[in-house]
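Residue-level structure breakdown
Next come the chains, spelled out residue by residue.
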Amino acid sequence: MSISGSAAIVGAAQVDVFRTEGRSPVGLMAVAVRRALQDAGLTLADVDGLFTSSSYYAMPTLTLGEYLGISPTHVDSTSIGGCGFIAQLAHAAAALQAGLCTVAVIAYGSTQRSDAGKLVSMAEQSVYELPYGLIHPIGAFGMVAQRHMHQYGTTSAQLAELAVSARQWAMLVDDAPYPTPLTVDEVLASSIIASPLHRLDCCLVTDGGGAIVLTSAERAADLRSDPVFLLGAGEAQNHRNISQMADLTTTVARDSSHRALSMAGVALDDIDTVHVYDAFTISLLVLLEDLGFCAKGEGGAFVGEGRLAPGGQLALNTNGGGLSYTHPGMLGLFLVIEAVQQLRGNAGRRQIPGARLSLVHGMGMTLAAHATAVLSATPQA
Amino acid sequence: MTAQRPTPTPRGEEAVYFNHAANRELVFQRCSDCDRAVFYLRTLCPGCGSESLEVTVSSGLGTVYSFTTQYRAAHPFFAADVPYTLVLADMEEGFRLFANIVDRAPGDVHIGMPVETIFDPVTDELTLPRFRAATAGVPS
Ligand SMILES: [Zn+2]
């Protein structure tokens, strides 16, 4: 029995996605949960499935459940880095289908910007990497970029195109934190942090809370919002530590996306909007190759010439993504929320006309874990 | 106040690796059943599931697979070392090792260059393998 089409996102909300004033990480989650439930026309009393993941709380469903004053019957705190929330779409759909819960909430919150830009992490570092001073995660992505350049001739200027396109999208968002254009030269002139990556090859460091509400497709029909259906989902993982990633230029994103597209019964060509985890320009480039938007090694040439900018060939990260809109530590849930905005036709100046089908892809840690989802404005593709 | 060195807490098979390093030996494992080179040290071969893994001393020779030069420190302890270069090297026995390279300026490291392993006793309890540039094919 497939979960394809069995569950729908019926509520979505995000709060304080650049800087919060006076809200803790769980406080951000709680406000986002309430607003997502309001969006769905539901209340906290309806929630019996609680899904979250956190860099702040070792037992985040206990933390959030206690804070909200609810006692869920089913919880999931999948810990695979920033793509966990995309994986939880399928986990929630399966739990709903199995009757383990009837209304599922997926929530996230972070005060990473207010924490003065320090990456908050409870994650242990390998005893074989810890003593050498590798900065997680940019040091690892520097090694990925260096290898990609060596193997395929990719250049820093090509990587910079991704940051430039992201900024163009962000300028179509009303609350964009940096509402001015960015140039390739500006990216290349920014300081190198881990060669060959510059400061502007990196995502923003922001605060932010987000939440989405899922229920069965059947129940979704009776709710106030336009449902967004989960048609396909896939996961894959490859390693935990960068020193164990055999080929730094190739990920198992191709496996998770193949699983998701197969489940949905659609092809890449059918997709209207694409939302891909962009913690760094290089991670986005590698993922675009592995997802099949261009051949392996051809990402450098593909991302130029405005192909990824508004009006280009691919509607990618339509709010500017992590590079230019929001990246509160873990990005996955915010990719889903932007896809929901597009599929509901609520994306304002950045709306892709007639968007019906979206692909969301997240990675966790340093290209280690992957989760892909196919979302649809209609119950079938 | 001086920042404290980030120090691993090796347990079980991890301690075996660091005990050998203290004796100036870089070790990996060879699987007795499938002949795979296994690194880091494990209790189970990730290739075939065998528990028959033989701790084996490496020549310490390898070539750079990739690298990055960091202009920021991961930890206050490394602040004085910036910029420093971290290397992933493919060792001649067929495993990959991560460590810093000690004798090359930023811009003077490239993919494919030969490296050899040296041993740095940083504390009484901890000796770290590190890399330095080597001449291809010549043992240290
Ligand atoms: Zn074996």
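None of these values were measured; they are calculated from a predicted model. (Residues numbered from 1 in each chain as written. Chains lettered and ligands numbered in written order. Predicted model: local features only at pLDDT ≥ 70, side-chain atom pairs only at ≥ 80, totals over all residues. Heavy atoms only, no water.)

A tally of regular secondary structure across chain B gives one helix and eight strands. Starting at the N terminus and walking to the C terminus, you meet the elements of chain B as α-β-β-β-β-β-β-β-β. In terms of overall dimensions, chain B has C-alpha extents of about 45 × 35 × 25 Å along its principal axes. Within chain B, buried positions represent 44% of all 140 residues. The long-range fraction of contacts in chain B, counting pairs at least 24 apart against all pairs at least 6 apart in sequence, stands at 51%. For chain B, the computed accessible surface area is about 7100 Å², with 46% contributed by carbon and sulfur atoms. (Helix = DSSP H or I, 4+ residues; strand = E, 2+ residues; numbered from the N terminus. Buried < 20%, exposed > 50% of the residue type's maximum accessible area, 1.4 Å probe, protein only. Contact = heavy atoms within 4.5 Å. Areas by Shrake-Rupley, 256 points an atom, 1.4 Å probe, with all protein chains shown as cover.)

Let's shift gears to the nonpolar core. Residues and elements named next belong to chain A. Judged by nonpolar contacts, the single largest core of 163 residues is most densely connected at L89, I212, L214, I282, L288, V374 and L375. Of the residues forming this core, the biggest block, 10 residues, is contributed by helix α1 (residues 25–40). When near neighbours in sequence (up to four residues on either side) are disregarded, I282 contacts F141, V144, A145, H148, L159 and L197. Ranked by size, the runner-up nonpolar core spans five residues in total, among them A160, A163, V187 and L200. (Core = buried A, V, L, I, M, F, W, Y, C linked by side-chain atoms within 4.5 Å.)

Residue and element names in this part refer to chain A. Positionally, A355 belongs in the loop between α12 (332–343) and β10 (357–364). Sequence separation between A355 and G210 is 145 residues; the distance between their C-alpha atoms is 22 Å. Beyond its immediate chain neighbours, meaning those up to four positions away, A355 contacts D272, T273, Q342 and L343.

In this section: the coordination of the zinc ion. Each angle at a metal carrying four tetrahedral donors should ideally be 109.5 degrees, and each at a metal carrying six octahedral donors should ideally be 90 or 180 degrees. Residue and element names in this part refer to chain B. C31 (SG), C34 (SG), C45 (SG) and C48 (SG) make up the full set of protein donors to the zinc ion, lying at 2.3 Å. Around the zinc ion, the four donor atoms sit at angles spanning 105 to 115 degrees, and that spread fits a shape best called tetrahedral. Here the donor residues of the zinc ion share one chain and are spaced in sequence as C-x2-C-x10-C-x2-C. (Donors = N, O, S within 2.8 Å, 3.2 Å for Na, K, Ca; no water. Tetrahedral: all angles 85-135°; square planar, octahedral: opposite > 155°, others 65-115°.)

The next point concerns the domain arrangement of chain A. Where the parts come together, the accessible area they lose is often given as the size of the interface. All names here are of chain A. In terms of domain boundaries, chain A breaks down into domain 1 (7–115 + 207–226) and domain 2 (134–197 + 233–376). Each of domain 1 and domain 2 has a C-alpha centre, and these two points are 23 Å apart. The interface is formed by 36 residues belonging to domain 1 together with 34 residues belonging to domain 2. Taken together, both faces of the contact between domain 1 and domain 2 bury some 2400 Å²; the carbon and sulfur share is 70%. When the buried area of domain 1 at its contact with domain 2 is split by residue, Q14, I86 and Y108 rank highest and sum to 23% of it. Where domain 1 touches domain 2, the interface holds one salt bridge. Taking the shortest distance from any N to any O, the salt bridge between D39 and R344 comes out at 2.9 Å. Summed over the shared surface of domain 1 and domain 2, the number is 12 residue pairs in polar contact (both at pLDDT 80 or more). Elements that contribute at least two residues to the side of domain 1 that touches domain 2 include exactly β1 (7–15), α3 (84–97), β4 (103–110) and β7 (208–216). (Domains from an automatic or database assignment. Buried area = accessible area lost by both parts, 1.4 Å probe. Salt bridge = Lys/Arg side-chain N within 4 Å of Asp/Glu carboxyl O. Polar contact = N/O pair within 3.5 Å; in protein donor to acceptor, adjacent residues only side chain to side chain.)

This brings us to the interface of chain B and chain A. Contacts between the two partners involve 35 residues from chain B and, on the opposite side, 28 residues from chain A. Approximately 2800 Å² of surface area, both sides summed, lies buried where chain B meets chain A, with 63% of it carried by carbon and sulfur atoms. Counting the contacts that link chain B with chain A gives zero salt bridges. Between chain B and chain A we count 15 residue pairs in polar contact (both at pLDDT 80 or more) in total.

Residue and element names in this part refer to chain B. Segmenting chain B into domains produces domain 1 (9–57) and domain 2 (59–140). Taken over C-alpha atoms, the centre of domain 1 sits 20 Å from the centre of domain 2. Each side of the interface is counted separately: domain 1 has 12 residues, and domain 2 has 14 residues. Of the roughly 1100 Å² buried between domain 1 and domain 2 on both sides combined, carbon and sulfur atoms contribute 72%. Of all residues in domain 1, the largest losses of buried area upon contact with domain 2 belong to R24, L26 and F39, amounting jointly to 44% of the total for that side. Where domain 1 packs against domain 2, one counts zero salt bridges. Summed over the shared surface of domain 1 and domain 2, the number is one residue pair in polar contact (both at pLDDT 80 or more). Elements supplying a minimum of two residues to the side of domain 1 that touches domain 2: α1 (13–22) and β1 (27–31). Residue composition of the side of domain 1 that touches domain 2, grouped by class: nine nonpolar, no polar and three charged. (Nonpolar A, V, L, I, M, F, W, Y, C, P; charged D, E, K, R; others polar.)

Across the junction of F39 of chain B and Y40 of chain B, the peptide omega takes the value -5 degrees, indicating a cis bond. Inspection of the secondary structure puts Y40 of chain B in the loop between β2 (37–38) and β3 (53–57). In this structure, L367 of chain A takes a positive phi of about 60 degrees despite not being glycine. Structurally, L367 of chain A can be placed in the loop between β10 and β11 (369–376).

As a further point, take the pattern of salt bridges. Residue and element names in this part refer to chain A. Under the definition given, this model contains 14 salt bridges over all chains. D290 serves as the salt-bridge partner of K296, at 2.9 Å between the closest nitrogen and oxygen. Given a relative accessible area of 23%, K296 falls into the partly exposed group. Through salt bridges with shared partners, one network takes in R254, E289, D290 and K296.

All names here are of chain A. Those residues of helix α2 (residues 60–68) lying buried are P60, T61, L64, G65 and L68. End-on, the buried residues of α2 take up no more than an arc of 125 degrees, which puts them together on one face. Residues of α2 that are exposed and angled more than 90 degrees away from the buried face: L62 and E66. Residues of α2 that are buried sit in contact with α1, β2 (49–52), β3 (74–76) and β4. One or two steps after α2, the chain reaches G69, where phi turns positive at roughly 75 degrees. (Arc of directions from axis to C-beta.)

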